[in-house]
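Listed below, chain by chain, are the residues.
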Amino acid sequence: QQQVKQSPQSLIVQKGGISIINCAYENTAFDYFPWYQQFPGKGPALLIAIRPDVSEKKEGRFTISFNKSAKQFSLHIMDSQPGDSATYFCAASMGGDMRFGAGTRLTVKP
Amino acid sequence: GAVVSQHPSRVICKSGTSVKIECRSLDFQATTMFWYRQFPKQSLMLMATSNEGSKATYEQGVEKDKFLINHASLTLSTLTVTSAHPEDSSFYICSAIRPGGGDFSYEQYFGPGTRLTVT
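A. Quick look at the overall build of chain B. Per the secondary structure count, chain B includes zero helices and 11 strands. Reading the secondary structure of chain B in the N-to-C direction produces β-β-β-β-β-β-β-β-β-β-β. In summary, chain B has a C-alpha radius of gyration of 14 Å against a globular reference of 14 Å for 119 residues, a match within 12%. Dimensions of chain B, computed from the C-alpha atoms along their principal axes, are close to 45 × 30 × 25 Å. In chain B, which comprises 119 residues, the share counted as buried stands at 51%. For chain B, the computed accessible surface area is about 5,800 Å², with 50% contributed by carbon and sulfur atoms. Within chain B, one finds 11 positive and 10 negative side-chain charges whose respective centroids are separated by 8 Å.

If you want it as structure tokens, here you go:
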């Protein structure tokens, strides 16, 4: 049962551009929405997270936008860099029971 | 930030043998840990929830007699793959819940993963 839908599957962005990844969820009981960055052969690293009562959170070049009524949230990476090339997973958690999106493979071209 | 470690990072074993993977929370106590499995170019699949002092809760389709989980302390959970077969070869990742993380009532951190290859 796919509770979190993520798009696009892959994304190519030029250096300095904005990368946008979108996710939609179904269960309104989710209370924690993190984004993870994963490099090949490594575990996912917590990038940024948001609560459902907050509409936007920004940390450096990374911003989460959250639309509770639409049950959607997105990750924006500003001034994308080649070092940002990785797979990004959105997730939704209910008391620690976390469900992941399918992942987006981001490639930032120099 | 919080740190979760896993050991070993890579393991190769022969078919029919058992392999134990350790997951430790290094700077916080974790009453709940999770075990995931990840196939190449795919998302993380939750295998089981490990609660300190009680039996693990397994996701549908995960064989509990094959994937033994023991959450012996507030900082250690182990996953033992018993009678391993080549189809068990995968990337196994644990995560731990840290309560009371800043803006959130909890945060979840992942270990670096263990690459299991069964020959």
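B. A look at the nonpolar core. By size, the foremost hydrophobic cluster in this structure holds 25 residues, and its most contacted members are Val4, Trp35, Phe67, Leu79, Tyr92 and Leu116 of chain B. For this core, the secondary-structure elements that each account for two or more residues are strand E2 (10–13), strand E3 (19–25), strand E4 (32–38), strand E5 (44–51), strand E7 (67–73), strand E8 (76–81), strand E9 (90–99) and strand E11 (114–118) of chain B.

C. Layout of the interface of chain A and chain B. In this complex, chain A contributes 25 residues to the contact, which on the side of chain B involves 21 residues. Taken together, both faces of the contact between chain A and chain B bury some 1,700 Å²; the carbon and sulfur share is 57%. At the junction of chain A and chain B, the tally comes to seven residue pairs in polar contact (both at pLDDT 80 or more). Of all the elements in the fold, those that place two or more residues in the side of chain A that touches chain B are strand E4 (33–38), strand E5 (45–50), strand E9 (86–94) and strand E10 (97–100) of chain A. If one sorts the elements of the side of chain A that touches chain B by residue count, E10 of chain A sits on top with four residues. A per-class count over the side of chain A that touches chain B returns 11 nonpolar, seven polar and seven charged.

D. Seen up close, the packing of aromatic side chains. Going through the model one piece at a time under the given rule, you end up with 19 aromatic pairs over all chains. Arranged with centres 6.0 Å apart and planes meeting at 35°, the rings of Phe66 of chain A and Phe73 of chain A form a pair that is tilted. Using a relative accessible area of 2% as the deciding quantity, one classes Phe73 of chain A as buried. Ring geometry for Tyr36 of chain B and Phe110 of chain B: centres 5.4 Å apart, planes at 50°, overall tilted. Within this pair, whereas Tyr36 of chain B is found in strand E4, its partner Phe110 of chain B is found in strand E10 (residues 106–110), the two being separated by 74 residues in sequence. Take Phe110 of chain B: its relative accessible area is 8%, and that puts it in the buried class.

E. Examining the sheet that holds strand E7 (residues 62–67) of chain A more closely. Residues and elements named next belong to chain A. The strand order across the open sheet built from five strands is E1-E3-E8-E7-E6, with neighbouring strands paired in antiparallel fashion. At either end of the open sheet lies a strand with only one pairing partner, and these are strand E1 (4–7) and strand E6 (56–59). Recorded for the sheet is a direction-independent mean angle of 15° between the axes of neighbouring strands. Where E1 and strand E3 (residues 19–25) come together, four bridges link them in antiparallel fashion. When the bridges of E3 are listed, Ser7 appears paired with Asn22.

About the criteria used
Residues numbered from 1 in each chain as written. Chains lettered and ligands numbered in written order. Predicted model: local features only at pLDDT ≥ 70, side-chain atom pairs only at ≥ 80, totals over all residues. Heavy atoms only, no water. Helix = DSSP H or I, 4+ residues; strand = E, 2+ residues; numbered from the N terminus. Rg over C-alpha atoms; globule rule 2.2 N^0.38 Å. Buried < 20%, exposed > 50% of the residue type's maximum accessible area, 1.4 Å probe, protein only. Areas by Shrake-Rupley, 256 points an atom, 1.4 Å probe, with all protein chains shown as cover. Lys, Arg positive; Asp, Glu negative; His and termini not counted. Charge placed at Lys NZ, Arg CZ, Asp CG, Glu CD. Core = buried A, V, L, I, M, F, W, Y, C linked by side-chain atoms within 4.5 Å. Contact = heavy atoms within 4.5 Å. Buried area = accessible area lost by both parts, 1.4 Å probe. Polar contact = N/O pair within 3.5 Å; in protein donor to acceptor, adjacent residues only side chain to side chain. Nonpolar A, V, L, I, M, F, W, Y, C, P; charged D, E, K, R; others polar. Phe/Tyr/Trp six-rings, centres within 6.5 Å; stacked < 30°, edge-to-face > 60°. Pairing = 2+ DSSP bridges. Axes fitted to C-alpha atoms, helices over the stretch in contact; angles between N-to-C directions.

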